[in-house]
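What follows is each chain in one-letter form.
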Amino acid sequence: MKKSLLLLLAFTFYGLLSYGQNVTIKGQVTTSDQLGLPGVTVVEKGTTNGTVANVDGNYEITVGSADAVLAFSFIGFTTQEIAIAGKSTIDVLLEEDTQDIDEIVVVGFGTQKKENVTGATSYVKMDDIIGDRPIVNSAQALQGVSAGLQVVSTSGQPGSTGTSINIRGFTSINGGSPLVLVDNVPMSLSDVNPRDIEAVSVLKDAAASSIYGARAAFGVVLITTKKAKKNQPIKFEYSTTLSFDTPTEIPEKASTREFVEALDDWGVFRYFENQQVSKWLNYLDQYDANPSQLTYLKDPVSNTNYPIVLDPESGIYYPLSESNVIGDLLDNAGISTIHNLTMSGGSERISYRINAGYAYEDGILTTDNDSYKNYNVNAFMGADLTSNLKSSTNIFYRSSVRTNPIGSYGSALGSTMYAPIGFFELPNGDILPFDTAGNKERYRIPSTTDTDNLRMFQKLEYTLLKDFTITGEYTYQKGMTTTRDVNEQARFASAFKFVENNSDPTNTQYSRGYSDFINHALNIYTKYNKSIGQHNFGLMAGFNKENRISEGFSINRKNLISVGTPGIDTALGEYGGGDSYRDWAVMGYFGHIDYNYKEKYFIEANGRYDGSSRFAKGSRFGFFPSFSGGWNIARESFMESVEQISSLKLRGSWGEIGNQNTNDLYPTIPGYTTPEAKWIDLG
């Protein structure tokens, strides 16, 4: 009896030792074509212990138990879980996932299979678009990615928000642009780091966008940001790009001789600064024949000659050759650099992703007065709070500093072809730079614009019953913009008249502006999906409410004591300024129903009862319905023999959408604009 007991204890102790021993597992992950699959994530289930397959698909992982289970996952493939069961080598064949994310598109408040959508939509993956392109602005990343989506950059200035987005044709007489939603909440594309975007859906017609009501008159752009996956080891990713920009297709100005000969052909005897055209042509002939016979105007700084002569009789300057005014402004190759650092991972119940981005752009203008710095932080955490309740938390933060140039490309184009680009000595001995675009850039103080934007997003999703979920989303967003500008009344010499431009120290001025906004958004909606045999149903109903308050003020004061230390309190002149206030709110009830039979015949209906504070009481609400249907002919039996066609769908749609865009946020309230109010006689 004692021997049996001791033997049992010995086996038990040995088993405990075996269970606590580390076990190393090796193997290869392949695809159906027997090729090694690199980048596959291999995780010990229930832990954060994991590794990644190498370029040949081979992996090696050490686990803490011989009873562990390994999870093999890769985007586009079905995840497999395999118990070790005493094995030291495990080879895995991963099969492609037929429900790959490329086949799922984001639509209003949900997702659908791409082949089941009956509205006019398009869907693109952002990583496929960007690649290694040096893009800072998310709007620019959308150029040329979707039929019917027109993205036009109206300014080449670094950090400029002058990007126009239009879907399918013309807007209204009041203008308009698509509604841009980031994770179901309105947000400016300039606030989103392109590297944080997972995918973009463009809703083009009323059937697809009517669920967004009065703000969807010009289409909807849905941005889905990147999230994290569960059961993933902690992973760090770093990417950087460096690019150089140079101006292209610079217009070539006419030569000085061509210009003067044109004046002669037009019958002009004297030019604006009293130059006699005949004498001007004579000087040009002498210059072409023997340049050394003429006495030229000298640059007092570089001690070089300008190709400009001073007529001894009249004291008038006659330019004889061209200068590179445009090249003097665009003398630098623009440079941009982008850095992104991402940390992500997840356990059985929690997933997280944090991305920090930094971008710097210096444009093609001389100096760094057209520079832009942008900082982005995007933090996401998803958690299974209970078996039925899921939480998603997302925090965006952006801070940027933009320097606004003084000299413009237009002013360089508009200057004369012979404008000198150096310095000029006045009769009193003062030396001043000429007022060319390049000199203004070098010798004036540029204005700056600082922007900060914070957005906090919280989503809770509760599964009440099988196939029935309730979702609540709340977003708080606050943005601030500060501008600073100094008019230092810098002294310049006219490159046209060869005299000092007017400047007055008492007209120096410092200006300061500040504006902010606060936005609240609430979405509550339910979804129910049910399949009965070959019949598939989907229902959704929800409520949306948003309000926005924006305020601002500006102040300026003239006659600075010192332009080197500008400020409101360091000026002696009069004050100026003003303030502003605006607010608006929208509220709507929406619903959606869809039905398909064998994923072959489709019917969808949307409706939204929407209200806007921009209209008078009693006229604020409107109902916006839409209907659409489709027939996937490729799924018919008579098409089975046509292997070249995988999808052939006929669809049709009808819908109504309102438009709340007005020239004034309070169009129903009668009032006077400030200039009109000055004419009111209160006596």
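Because the structure is a prediction, the values reported are computed rather than measured.

> Even after reading the chapter, I still don't get a nonpolar patch on the surface, so can you show me in this structure?
Among the surface-exposed residues, Y462, L464, L465, I470 and I524 lie close enough to one another that they form a single nonpolar patch of about 420 Å² accessible area. Take the nonpolar patch: its biggest share by element is three residues, from strand β27 (residues 447-465). Relative to the elements of secondary structure, I524 occurs in strand β29 (residues 509-532).

> Any chance you could explain the environment of G607 here in plain terms?
Position of G607 relative to the elements: it lies in strand β32 (residues 601-612). Excluding anything up to four places from it in sequence, G607 contacts Y589, F590, G591, F623, F624 and P625.

> Could you clarify how one ought to interpret the sheet that holds strand β7 (residues 92-93) in this entry?
The strands making up a sheet associate through hydrogen bonds between their backbones, and the pairing can be parallel or antiparallel. Spatial strand order, β4-β1-β7: three strands in an open sheet with mixed pairing. Strand pairing shows two members of the sheet lacking a second neighbour, β4 (58-63) and β7, which therefore form its edges. Looking at chain direction, strand β1 (residues 23-30) and β7 are connected through two bridges and run parallel. Residue pairing across strands places T30 opposite L93, the latter belonging to β7.

> So what exactly am I meant to see when it comes to the sheet that holds strand β16 (residues 220-225) here?
Strand order in the open sheet made by the five strands is β10-β15-β16-β13-β14, with mixed pairing throughout. Of all strands in the sheet, those with a lone pairing partner are β10 (121-125) and β14 (185-186), marking the two edges. Here four bridges tie strand β13 (residues 179-182) to β16, and the two strands are oriented parallel to one another. Residue pairing for β16: V180 is matched across the bridge by V221.

> Please explain the pattern of salt bridges as it appears in this structure.
A side chain with one charge can pair with a side chain of the opposite charge if their charged atoms come near. Evaluated as defined, the whole model comprises 20 salt bridges. Among the salt bridges present, the one from E81 reaches K45, with a minimum N-O distance of 2.9 Å. Of this pair, E81 sits in strand β6 (residues 80-83) while K45 sits in the loop between β2 (41-44) and β3 (50-52), and the two are 36 residues apart along the sequence. In this structure, the salt-bridge partner of E488 is R444, at a minimum N-O distance of 3.6 Å.

> Before we go on, may I ask you to explain unusual backbone geometry in this structure?
Most peptide bonds are trans, and most residues other than glycine sit at a negative phi. Residue N184 is not a glycine yet carries a positive backbone phi of 80°. Along the chain, the position of N184 falls in the loop between β13 and β14. A residue is classified by how much of its surface remains accessible, and N184, at 14% relative accessible area, is buried. Not every positive phi belongs to a glycine, and E599 is a case in point at roughly 50°. The residue E599 is located in the loop between β31 (575-597) and β32 in this model. A relative accessible area of 18% means that E599 is categorised as buried.

> Explain the pairing of β13 here, please?
Walk down a regular strand and you will see the side chains alternate between the two sheet faces. Side chains L179 and L181 project from β13 onto one buried face, and the interleaved V180 and V182 project onto a second face that is buried too. Taking the residues between adjacent antiparallel strands as the criterion, β13 and β14 are bridged by two residues, where D183 takes a positive phi near 50°.

> Looking at this structure, how should I read the confidence of the model for the protein chain?
Caution applies to low-pLDDT parts of the model: their predicted coordinates are not meant to be read in detail. This prediction gives the protein chain a mean pLDDT of 85; 91% of its residues lie at or above 70. Taken element by element, the predicted model of the protein chain shows its lowest mean pLDDT in helix α1 (residues 2-20) (37) and its highest in strand β26 (residues 431-433) (96). With pLDDT under 50 throughout, residues 1-20 is counted as low confidence; its partners more than four residues away or in other chains account for four contacts.

What counts and how
- Residues numbered from 1 in each chain as written.
- Predicted model: local features only at pLDDT ≥ 70, side-chain atom pairs only at ≥ 80, totals over all residues.
- Heavy atoms only, no water.
- Patch = residues over 30% accessible without salt bridge, like charges linked within 9 Å, V, L, I, M, F, W, Y side chains within 5 Å.
- Areas by Shrake-Rupley, 256 points an atom, 1.4 Å probe, with all protein chains shown as cover.
- Salt bridge = Lys/Arg side-chain N within 4 Å of Asp/Glu carboxyl O.
- Helix = DSSP H or I, 4+ residues; strand = E, 2+ residues; numbered from the N terminus.
- Contact = heavy atoms within 4.5 Å.
- Pairing = 2+ DSSP bridges.
- Buried < 20%, exposed > 50% of the residue type's maximum accessible area, 1.4 Å probe, protein only.
- pLDDT = per-residue confidence, 0-100.

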